[in-house]
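Remarks on the overall topology
These are the residues of each chain, in order.
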Amino acid sequence: MDDDRRPVHVTADCATQQITFTPLTDEEVDRQRETERAAVAEERARIAEEQRLEELVAAHPDPLVRELARRAGIAAAGPVPL
Amino acid sequence: MGSHLSGQKVRASVLNAETMTVCTSGSRPTPASGQVIFETDTQLVAVGNGTTFQYVPTEVAPPVVLSGTAASVNFTSIPACGNLMVVWRARNDSANPAVQLYVQFNSDGGNNYLWEINQANNTTVAATTSGAATTRIQMATMTAATSTANYFAAGSFTIAGASDTSAFKVVQGTAAAFVTATNMYSGTYSGQWLSTAAITSINITPASGNFTAGSRFTLLGWN
């Protein structure tokens, strides 16, 4: 990764009143990318599960079930809390 | 500050009330009404009322305002303060609508933190806890890369008794994150660090990715 674009750790020191910027090491960059990949995969899985539930509810023949699901926040309720 | 004529004599009590006195927490002057002091050892500012000094929330570290991406923001060498507060605004660059913002103290990465949040996402409120001691405290949910442009999250959190070594440290705060015009989070967030040590550093990190340019963090302290 180009060092100019590499994220940094920012430290604000109360004793010296100085701010320092420390670029991430190669290992930290690799770890960050791995965490990012896992987070993206988790988000995609969550969206897929949400869509699956919404489709199940929408296809259910009983309007009571659909209404209960809507009230439970399963149908078209937006993302679940993090 | 008062206005005086050239050559005018001024009583010490008046002068004290009109000038900033630089001292340490152990060498404070007798408080004059209106006298302002700055303690070099604590970085704190207080105003005298004739009987005692009343501390004013003061920036004890230079504010961090990001012009690029940062994986973490750390406040270090924090002086002994009765109370600490972090005020922040942030956005994250990971490919998610929102991610968590975490806090650790004194570089402690062990399973020494408890937390509980009461968080609304749109119309659904959920309470979540750490369940057991864990490695960090969730202090917010934060806007991330797939949210609407220019949308940010903001919040603050406070630690009462930050330098008190007789009790574990409890941190509590509020935060809000607007992801899109129809998707938003807000809530109260709290945690406890299972340590009696005085807080000397605060480490703030996102669950993944980095804080983006435009994110800012300010540390205030007072007694």
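Nothing here was measured: the structure is a model prediction, and the numbers come from that model.

Before going further, it helps to spend a moment on the overall build of chain B. A count of helices and strands for chain B gives one helix and 17 strands. Taken along the three principal axes of its C-alpha coordinates, chain B extends 65 × 40 × 30 Å. Burial analysis of chain B (223 residues in total) assigns 47% to the buried set. In chain B, of all internal contacts separated by at least 6 residues, the share reaching a separation of at least 24 is 66%. Seen as two clouds, the 8 positive and the 8 negative side-chain charges of chain B have centres 8 Å apart.

Let us look at unusual backbone geometry. Residues and elements named next belong to chain B. The backbone of N106 shows a phi angle near 50°, a positive value even though the residue is not glycine. Along the chain, the position of N106 falls in the loop between β9 (98-105) and β10 (113-121). With a relative accessible area of 24%, N106 lands in the partly exposed category.

Before going further, it helps to spend a moment on the sheet that holds strand β4 (residues 53-56) of chain B. Residues and elements named next belong to chain B. Ordered by their spatial adjacency, four strands build an open sheet running β1-β2-β3-β4, and the pairing between neighbours is mixed. Of all strands in the sheet, those bounded by a partner on one side alone are β1 (20-23) and β4. The sheet shows a mean angle of 30° between the axes of neighbouring strands, taken without regard to direction. Sheet topology note: the β1/strand β2 (residues 36-39) ladder contains four bridges and is parallel. Residue pairing for β2: V22 is matched across the bridge by F38.

Turning our eyes to something else, we now look at the nonpolar core. Core analysis: the biggest nonpolar cluster contains 55 residues, and B:F75, B:W88, B:F105, B:I202, B:I204 and B:L219 have the highest contact counts within it. Those residues in contact with B:F75 that sit more than four places away from it in its chain are A:A12, B:A61, B:P62, B:V64, B:T200, B:S201, B:I202, B:I204, B:F217, B:T218 and B:L219.

Let's shift gears to the layout of surface pockets. Of the voids in this model, the largest pocket is the one considered here, and its volume is about 400 Å³. Of all the secondary-structure elements, those providing two or more residues to the lining of the largest pocket are α1 (26-59) of chain A together with β7 (70-76) and β16 (202-206) of chain B. Taken together, the residues of the lining of the largest pocket break down into four nonpolar, nine polar and three charged.

As a further point, take helix α2 (residues 63-71) of chain A. Where α2(A) begins, the side chain of A:D62 points an oxygen toward the backbone nitrogen of A:L64, at a separation of 2.8 Å. One or two residues past the end of α2(A) sits A:G73, with phi positive at roughly 85°.

Our focus in this paragraph is the confidence of the model for chain B. Within chain B, residue pLDDT values average 93, and 96% of them lie at 70 or more. This complex was scored by the predictor with a pTM of 0.83 and an ipTM of 0.87.

Take the sheet that holds β7(B) next. Ordered in space as β2(A)-β1(A)-β7(B)-β16(B)-β9(B)-β12(B), the six strands form an open sheet in which the pairing is mixed. Looking at which strands have only one partner, the edges of the open sheet turn out to be β2 (18-23) of chain A together with β12 (137-143) of chain B. Sheet twist, expressed as the average angle between the axes of neighbouring strands with direction ignored, equals 20°. Here β9(B) runs beside β16(B); their pairing, made up of five bridges, is antiparallel. Counterpart to B:V103 in the pairing with β16(B) is B:I204.

Bringing the interface of chain B and chain A into the picture now. If you look at the interface, chain B gives 37 residues, while chain A gives 26 residues. Between chain B and chain A, a total of about 2300 Å² is buried, with carbon and sulfur atoms accounting for 53% of that surface. For the interface between chain B and chain A, the tally reads zero salt bridges. Between chain B and chain A we count 14 residue pairs in polar contact (both at pLDDT 80 or more) in total. In terms of residue count, β7(B) provides more of the side of chain B that touches chain A than any other element does, seven residues in total. Considered class by class, the residues forming the side of chain B that touches chain A number 20 nonpolar, 17 polar and no charged. Bridge analysis of strand β1 (residues 8-13) of chain A against β7(B) gives six bridges, and the strand direction is parallel. Within β7(B), the position partnered with A:V10 by the bridge is B:V73.

How each quantity is defined
- Residues numbered from 1 in each chain as written.
- Chains lettered and ligands numbered in written order.
- Predicted model: local features only at pLDDT ≥ 70, side-chain atom pairs only at ≥ 80, totals over all residues.
- Heavy atoms only, no water.
- Helix = DSSP H or I, 4+ residues; strand = E, 2+ residues; numbered from the N terminus.
- Buried < 20%, exposed > 50% of the residue type's maximum accessible area, 1.4 Å probe, protein only.
- Contact = heavy atoms within 4.5 Å.
- Lys, Arg positive; Asp, Glu negative; His and termini not counted.
- Charge placed at Lys NZ, Arg CZ, Asp CG, Glu CD.
- Pairing = 2+ DSSP bridges.
- Axes fitted to C-alpha atoms, helices over the stretch in contact; angles between N-to-C directions.
- Core = buried A, V, L, I, M, F, W, Y, C linked by side-chain atoms within 4.5 Å.
- 1 Å grid on protein atoms, 1.4 Å probe; cavity = no way out; pocket = protein on both sides within 12 Å on 5 of 7 lines; lining within 4 Å.
- Points joined across faces, edges and corners; volume = space filled by probe spheres on them.
- Nonpolar A, V, L, I, M, F, W, Y, C, P; charged D, E, K, R; others polar.
- Polar contact = N/O pair within 3.5 Å; in protein donor to acceptor, adjacent residues only side chain to side chain.
- pLDDT = per-residue confidence, 0-100.
- Buried area = accessible area lost by both parts, 1.4 Å probe.
- Salt bridge = Lys/Arg side-chain N within 4 Å of Asp/Glu carboxyl O.

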